[in-house]
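# Geometric and topological summary
Now for the letters of each chain:
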Amino acid sequence: MLKIRTVESRISCCLNGPPALHEPPAPASWRIALPHTAAAVPIARALVRTALTEIESAADTDTAELLTAELVANAVEHTAGEEPIELVIELLPSGCQVEVHDSNPLPPGNLTDPAPTSEPDPWQEHGRGLLLIRTLSSSCGHRPTDSGKAVWFTLPAA
């Protein structure tokens with residue numbers, strides 16, 4: 001089941017008269033619960049493209065889709081159970097940040113501190129996701145959460 005929640009606020013203005021409500025600009029962030037299955041990957045790609053278009057982010061949506069797919073695929077593959085995976089897309093003044101929350105508290109392989117010999121084997125199908133994230137994002141990392149961890153990347157405005 002997908003749950004989409006956007007952050008909204010109303011601005012109240014009162015100069016000389018009754019307060020007037022002004023509609024805020026597009027949502028500043030999206031939080032989406034994804035199923036803990038491989039089907040979450042194409043769903044996440046479509047959602048990140050839609051969210052970045054809706055919040056009018058100047059970040060490269062193709063790169064955001066690719067890196068989001070890598071994070072979601074890793075969360076599905078490396079976490080046990082059926083707990084949903086949460087996707088968070090946030091507009092920043094300098095671009096956007098995407099986070100994927102999962103229930104596994106262990107940090108992701110060599111995301112922020114690659115081993116000197118961490119070149120992926122050219123004959124293997126796996127092992128390039130974190131390299132792509134490190135290479136194509138302006139920054140990336142992970143942090144513990146109450147229910148596991150969040151792995152994130154930021155993209156600058158194009």
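Let me sum up the structure you'll find in this document. Keep in mind that what you see is a predicted model, and the values were worked out from it rather than measured.

### Notes on the packing of helix α2 (residues 61-78) against helix α3 (residues 129-136)
Close contact between α2 and α3 brings their axes to 9 Å; oriented N to C, the two are set at 145°. Where α2 crosses over α3, the handedness of that crossing is left-handed. Between α2, through T63, L66, L67, E70, L71 and N74, and α3, the contact on the second element is made entirely by G129, L130, L132, I133 and L136. Tallied by class, the residues present in the contact of α2 with α3 amount to seven nonpolar, three polar and one charged.

### A few points about the nonpolar core
With 32 residues, the main nonpolar core has L34, V72, L87, I89, I133 and F153 as its most contacted residues. Sorting the residues of this core by element identifies β4 (29-34), α1 (40-54), α2, β5 (85-92), β6 (95-102), α3 and β8 (148-156) as the ones contributing at least two each.

### With respect to α3
What α3 keeps buried is the set G129, L130 and I133. Buried residues along α3 cover an arc of 95° about the axis, so they all sit on one side. Summarising the contacts, the buried residues of α3 are in contact with α2, β7 (139-145) and β8.

### Notes on α1
Compared with the 21 Å implied by 1.5 Å per residue over 15 residues, the 20 Å span of α1 between its first and last C-alpha is a close match. All of the buried residues along α1 are A40, V41, A44, L47, V48, A51 and L52. Across the axial projection of α1, the buried residues extend over an arc of 125°, all falling on one side. Relative to its buried face, α1 has exposed residues pointing more than 90 degrees away, namely P42 and T53. Of the residues one or two after α1, E56 is the one with positive phi, at around 50°.

Rules of the game
- One numbering rule holds for all chains: residues counted from 1, following each sequence as written.
- At least 70 in pLDDT is required for a residue's local features to be given in this predicted model, at least 80 for side-chain atom pairs to be given and counted, and no such filter applies to totals for whole chains, interfaces and linings, which use all residues.
- In computing side-chain properties, one takes all heavy atoms of the structure into account and sets aside hydrogens as well as water.
- Axes here refer to lines fitted to C-alpha atoms; in helices the fit is confined to the stretch in contact. Angles between the N-to-C directions go from 0 to 180 degrees.
- Where helices and strands are cited, they refer to DSSP runs of H or I of at least four residues and of E of at least two residues respectively, numbered from the N terminus.
- Left-handed describes a crossing whose near helix is turned anticlockwise from the far helix through less than a right angle; right-handed describes the clockwise counterpart.
- Every residue pair with non-hydrogen atoms within 4.5 Å of one another is taken to be in contact.
- Just so you know the grouping, Ala, Val, Leu, Ile, Met, Phe, Trp, Tyr, Cys and Pro go in nonpolar, Asp, Glu, Lys and Arg go in charged, and all remaining residues, Gly too, go in polar.
- In this description, a nonpolar core means a group of buried Ala, Val, Leu, Ile, Met, Phe, Trp, Tyr and Cys residues linked to one another through side-chain atoms lying within 4.5 Å.
- Exposure is judged per residue with a 1.4 Å probe applied to protein chains only, and the accessible area is read against the type maximum: over 50% gives exposed, under 20% gives buried, and values in between give partly exposed.
- Starting at the helix axis, one direction is taken to each C-beta atom, and the arc is that of these directions.
- Every helix has an expected span of 1.5 Å times one less than the residues it contains.

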